[in-house]
Amino acid sequence: MRVLITGGAGFIGSHLTEAALAAGHDVRVIDDFSTGTEENLAGIRGHARFALDRCDITTPEAADVLAAACPEVVLHLAAQASVQSSLCSPLHDARTNVLGTLNILDAAARCGTRKVVFASSGGTVYGQARETDLPLTERLPKAPESFYGLSKHAGQEYLRLYSRLKGIEHASLALGNVYGPRQDPHGEAGVVGIFTHRVLRGQTCTINGDGETTRDYVFVTDVVDAFLRAIDRGEGMINIGTGAETSVNDVLRAVGRAASVPDPAHRHDPARPGEVRRISLSPRRARRELDWTPEVPFATGIAHLVAHLRQQPLPAG
Ligand SMILES: NC(=O)c1ccc[n+]([C@@H]2O[C@H](COP(=O)([O-])OP(=O)(O)OC[C@H]3O[C@@H](n4cnc5c(N)ncnc54)[C@H](O)[C@@H]3O)[C@@H](O)[C@H]2O)c1
């Protein structure tokens, strides 16, 4: 199948690109390399069924690339993916995540793409969850508390309406907190990636707030599996999570165990605005729609990540 992946040079997108090629698809990637890297695609450079276009999803050029490629399926992952950046620069967030998504959707609808699968965010579109609602199901109201959550929610809604008005199939995969090799260990993204790098370097980890904030962590290969399944099944919003809550304190302990550092050095900073307190995502609809269940337990995923990082030269910083 001809598959176009936006954001294919990023953390999740590069794993997905490799897996889609391995599954026998022809893969074209659109990426502006704002956070993605050439290095992430090093393993598939020169592959006969792989093509890459370096462009911005908000531009007419990206729409032209998509129209010319005429993919049967678009896996849309390109995004401004940071909650904190969205709070500092809501305009940039909306430009990429709303207008960029609209540009891709419109080009896909015009060239006859059968289906668009969108990387949404289960961790932010629901907003503050009531404890009695955990693990969250897709039917619950969406009340994002960050501009990033809002722009992802808008993306989902654009997809839903495009589907209804233009007959394009769609799935919005509302991802939990994804972790695994290639996650950027700098900045805000992914406490697992940050802690793992810092513990392996013997550096102090910073916990924002009391560390009892919880997230639903999903290993990147499980997320890739969900996207590949969504190419030919599943419709509408689908949570991609485990249903389990893991606190920041639990993450630090798990990383310490995997790295054989029993009590990793840490300090506490104030809690961050725009962050939800507790979250877990029910995987029941994913099981029904995609026949998907998470395969990698948290301790196994962390052990895998630690083993992977031990084989890499650790980046500076
Ligand atoms: N990592 C997570 O835990 C998580 C959770 C929920 C949702 N998501 C979503 O999954 C997707 C992938 O996230 P990721 O963690 O791999 O982040 P990432 O930053 O590694 O990947 C995003 C990719 O999109 C590209 N990109 C950004 N703006 C672009 C633009 N204007 N034009 C073209 N390319 C552009 C970047 O260069 C990068 O390669 C994003 O849509 C993100 O919002 C991620």
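Counting restarts for each chain: residues are numbered from 1 in the order of the written sequence. Local features in this predicted model are restricted to residues whose pLDDT is 70 or higher, and side-chain atom pairs enter the listing and the counts only when it is 80 or higher, whereas totals over whole chains, interfaces and linings include all residues. No hydrogens and no water enter the side-chain calculation; it runs on all heavy atoms of the structure.

### Thoughts on the packing of aromatic side chains
For clarity, the cut-off: Stacked, edge-to-face and tilted are the three classes for Phe, Tyr and Trp ring pairs, Trp counted by its six-membered ring, which pair at centre distances within 6.5 Å; planes under 30 degrees apart are stacked, over 60 edge-to-face, the rest tilted. By definition, any uninterrupted DSSP run of H or I lasting at least four residues is a helix, any uninterrupted run of E lasting at least two residues is a strand, and each is numbered from the N terminus. Throughout, exposure labels follow a simple rule: accessible area from a 1.4 Å probe, protein chains only, divided by the maximum for the residue type, with under 20% read as buried, over 50% as exposed, and the rest as partly exposed.
The full count for this structure, using the stated rule, is 4 aromatic pairs. Judged by centre distance (6.3 Å) and plane angle (80°), the ring pair of Tyr-179 and Tyr-217 falls under edge-to-face. With a gap of 38 residues between them, Tyr-179 in strand S7 (residues 177–179) and Tyr-217 in strand S10 (residues 217–219) connect regions that are remote in the sequence. Each member of the pair, Tyr-179 as well as Tyr-217, is classed as buried. Measuring from centroid to centroid gives 5.4 Å for Tyr-179 and Phe-298, while their planes differ by 65°, and the two rings are edge-to-face.

### Here's the deal with the domain arrangement of the protein
Rules: Residue ranges assigned to the domains are those given by an automatic or database domain assignment. Contacts are residue-level and defined by heavy atoms, with any inter-residue pair within 4.5 Å sufficient. Defined here as a combined quantity, buried area equals the accessible surface (1.4 Å probe) lost by two parts on assembly, summed across both. Any Lys or Arg side-chain nitrogen located within 4 Å of an Asp or Glu carboxyl oxygen qualifies as a salt bridge. Here a polar contact means two N or O atoms within 3.5 Å. Within protein one must be a hydrogen donor candidate and the other an acceptor candidate, and residues neighboring in sequence count only if both atoms are side-chain atoms.
In terms of domains, the protein is made up of domain 1 (2–179 + 217–243 + 282–295) and domain 2 (191–212 + 245–279 + 301–310). With 17 residues of domain 1 in contact, the opposing surface of domain 2 contributes 16 residues. Of the roughly 1,400 Å² buried between domain 1 and domain 2, counting both surfaces, carbon and sulfur atoms make up 63%. Looking at the side of domain 1 facing domain 2, the largest losses of area belong to Gln-84, Tyr-179 and Tyr-217, adding up to 37% of the total buried there. Counting the contacts that link domain 1 with domain 2 gives 1 salt bridge. One salt bridge in this structure joins Glu-131 and Arg-278, with 3.0 Å as the shortest N-O distance. At the boundary of domain 1 with domain 2, the tally comes to 2 residue pairs in polar contact (both at pLDDT 80 or more). Elements that contribute at least two residues to the side of domain 1 that touches domain 2 include exactly helix H3 (83–88) and S10.

### Quick look at the nonpolar core
Definition in use: Only buried residues count toward a nonpolar core, which is a set of Ala, Val, Leu, Ile, Met, Phe, Trp, Tyr and Cys residues joined through side-chain atoms within 4.5 Å.
Of all hydrophobic cores here, the largest spans 37 residues; its most connected members are Ile-5, Leu-75, Leu-173, Leu-175, Phe-227 and Ile-240. With residues up to four places along the chain from it excluded, the contact list for Ile-240 reads Leu-173, Ala-174, Leu-175, Gly-176, Val-218, Val-223, Ala-226, Leu-281, Ala-286, Leu-290 and Trp-292.

### Structural notes on helix H8 (residues 248–258)
Burial in H8 covers these residues: Val-248, Asn-249, Val-251, Leu-252, Ala-254, Val-255 and Gly-256. Among the residues trailing H8, Ser-260 stands out with phi positive, at a value near 55°.

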